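# Close look at the chain arrangement
Each chain, written out:
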Amino acid sequence: NKADGSLFTEEGADVMEIMAMMAAITIDENEALAKPWQPGEIVMSLREITREFQNGDIITKVLKGVNLDVYEGEFLVLLGESGCGKSTLLNIIGGMDSATSGTFTYLGQDLSSASQDELTEYRRSNIGFIFQSYNLMPNLTSLQNLKLIAELVENPMDADEALDIVGLSERKQSYPSQISGGQQQRVSIARALVKNPRVILADEPTAALDYTTSIEVLQVMEEIIKTGTTMVMVTHNEEITRMADRVVRMRDGRMYEVTVNRHPAHATDLVW
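Description of the structure in this document.

### Some details on the packing of aromatic side chains
- Within the structure shown, the criterion is met by four aromatic pairs.
- The interplanar angle of 75 degrees and the centroid separation of 6.1 Å between the aromatic rings of F104 and Y122 together place this pair among those described as edge-to-face. Of this pair, F104 sits in strand 4 (residues 101–106) while Y122 sits in helix 3 (residues 116–126), and the two are 18 residues apart along the sequence.
- Using a relative accessible area of 5% as the deciding quantity, one classes F104 as buried.
- Under the relative-accessibility criterion, Y122 is labelled buried at 4%.

Written as C-alpha cells, this is what we have:
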C-alpha cells in the first residue's frame, strides 16, 4: 500500500516486483564475486578468559569466559556498550592487564602467567597503542613524542616518516596544545606506527572527535591496515564496524556474536 493508504495499480505492483527480483539477482551476484575471507596466521589466542575485580566483599565479573583468535593482517572490531568488557579485553590483549583465569598466547608464547617485566617487553616489542585521550606528552613536540617511543624499541620507523604517513609533517615542531584534537590523534597513530608493531590496539580512537575529524582519522587507519598491520579496535559506534574484516559483539562480559564482513567499507562511506 501507498503511504496515504491507497493501493498501487496492478501495473505499478508488477514493476516493483520486477525491480525486487533484479535487486535480489544483483545481491546474489555480488556475494558470488566477493572474495571469501581467508584468515592469516593466528597472532593471538584467548581461551576461557575471565576477569574479576574485587572491592571489599564485592566481586565484579567483567569478563566471563571469552574465546577469541586474532589473525595476521585483519581489522578486528570489538563492539559493545559501556561496561560490556571490551576495553578490559583489549587491555589483556595489550599486556596492560592480566586475566583472572584462562590462557592468552601470542605467537604461541603463553603470557597467561607472565611477570610484569615480561609483559613490559611484550608491549614494547610487539604492540602499538592508540588511546581515546591521545596521551601525548604535553611538553614535547609531535616529533619529540615519537622519538621518545622510538628510543625504546630495537627497529623503529623513522619518526619523520611516521608523521608523513599521517599527514602531519608540517606540524612536527608543534606541541599538543597547538594542534587540534584530530591532529593530536594522528600524532598518536604515528606514535603507534613508529614502533613498527605487529599489532595496533585502538581504544575508542574517535570517541572524542566530531564526525568530519573522525573520518579523517579513520582514513589514516584504513591506509595502515592496507599495509598488512593487524588492528584491533574497541568502539561503541556501530557504523565503524562496516570497515572491519570481523566484528565481535560483546554483551555482559561475553562474546555473543562474531561476524565476517565480506564487503568492508571505506572510511569515507561511513555516516552517523
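Picking up where we left off.
### Comments concerning the sheet that holds strand 1 (residues 42–55)
- One open sheet accounts for four strands, arranged 2-1-4-5; its pairing is antiparallel. A strand with exactly one partner marks an edge of an open sheet, and here the two such strands are strand 2 (58–71) and strand 5 (109–110).
- Looking at chain direction, strand 4 and strand 5 are connected through two bridges and run antiparallel. Paired with Y106 across the bridge in strand 5 is Q109.
- Its contacts with the sheet put helix 2 (residues 86–93) on strand 1, strand 2 and strand 4, and the angle it makes with strand 1 is roughly 120 degrees.

### What to know about the sheet that holds strand 10 (residues 254–260)
- The strand order across the open sheet built from six strands is 6-7-8-3-9-10, with neighbouring strands paired in mixed fashion. Each of the sheet's edge strands pairs with one partner strand only, and the pair in question is strand 6 (127–130) and strand 10. Sheet twist, expressed as the mean angle between neighbouring strand axes with direction ignored, is 15 degrees.
- The pairing of strand 7 (residues 199–203) with strand 8 (residues 230–235) spans five bridges and is classified as parallel. Within strand 8, the position partnered with D203 by the bridge is V234.
- Running at roughly 80 degrees to strand 6, helix 3 makes contact with strand 6 and strand 7 of the sheet.
- Contacts between helix 6 (residues 181–193) and the sheet are confined to strand 6 and strand 7, with strand 6 contributing the most and set at about 175 degrees to the helix.

### Let's talk about the nonpolar core
- Residues F75, L163, V166, I189, L218, M221 and M233 are the most contacted members of the largest nonpolar core, which totals 42 residues.
- Elements that contribute at least two residues to this core include exactly strand 3 (75–79), helix 4 (142–150), helix 5 (159–165), helix 6, strand 7, helix 7 (211–226) and strand 8.
- When residues in this core are grouped by element, the largest group, seven residues, is from helix 7.
- Each residue touching M221, except ones within four places of it in the same chain, is listed here: I130, I189, A202, P205, M231 and M233.
- The next biggest cluster of nonpolar side chains, apart from the first, holds 29 residues, and it includes C84, L90, I127 and V248.

### Let's talk about the packing of helix 4 against helix 6
- The N-to-C vectors of helix 4 and helix 6 enclose an angle of 25 degrees; their axes lie 9 Å apart at closest approach. Taken together, the axis directions place helix 4 and helix 6 in an arrangement best described as roughly parallel. Crossing angle aside, the handedness with which helix 4 passes helix 6 is right-handed. On helix 6, the residues touching S142, N145, L146 and I149 of helix 4 are V187, A190 and R191.
- Grouping the amino acids of the contact of helix 4 with helix 6 by side-chain chemistry returns four nonpolar, two polar and one charged.

The rules behind these values
- Residues numbered from 1 in each chain as written.
- Predicted model: local features only at pLDDT ≥ 70, side-chain atom pairs only at ≥ 80, totals over all residues.
- Heavy atoms only, no water.
- Phe/Tyr/Trp six-rings, centres within 6.5 Å; stacked < 30°, edge-to-face > 60°.
- Helix = DSSP H or I, 4+ residues; strand = E, 2+ residues; numbered from the N terminus.
- Buried < 20%, exposed > 50% of the residue type's maximum accessible area, 1.4 Å probe, protein only.
- Pairing = 2+ DSSP bridges.
- Contact = heavy atoms within 4.5 Å.
- Axes fitted to C-alpha atoms, helices over the stretch in contact; angles between N-to-C directions.
- Core = buried A, V, L, I, M, F, W, Y, C linked by side-chain atoms within 4.5 Å.
- Parallel < 35°, antiparallel > 145°, perpendicular 65-115°, else oblique.
- Left-handed = near helix turned anticlockwise from the far one by under 90°.
- Nonpolar A, V, L, I, M, F, W, Y, C, P; charged D, E, K, R; others polar.

Just geometry here; none of it tells us what the structure is for.
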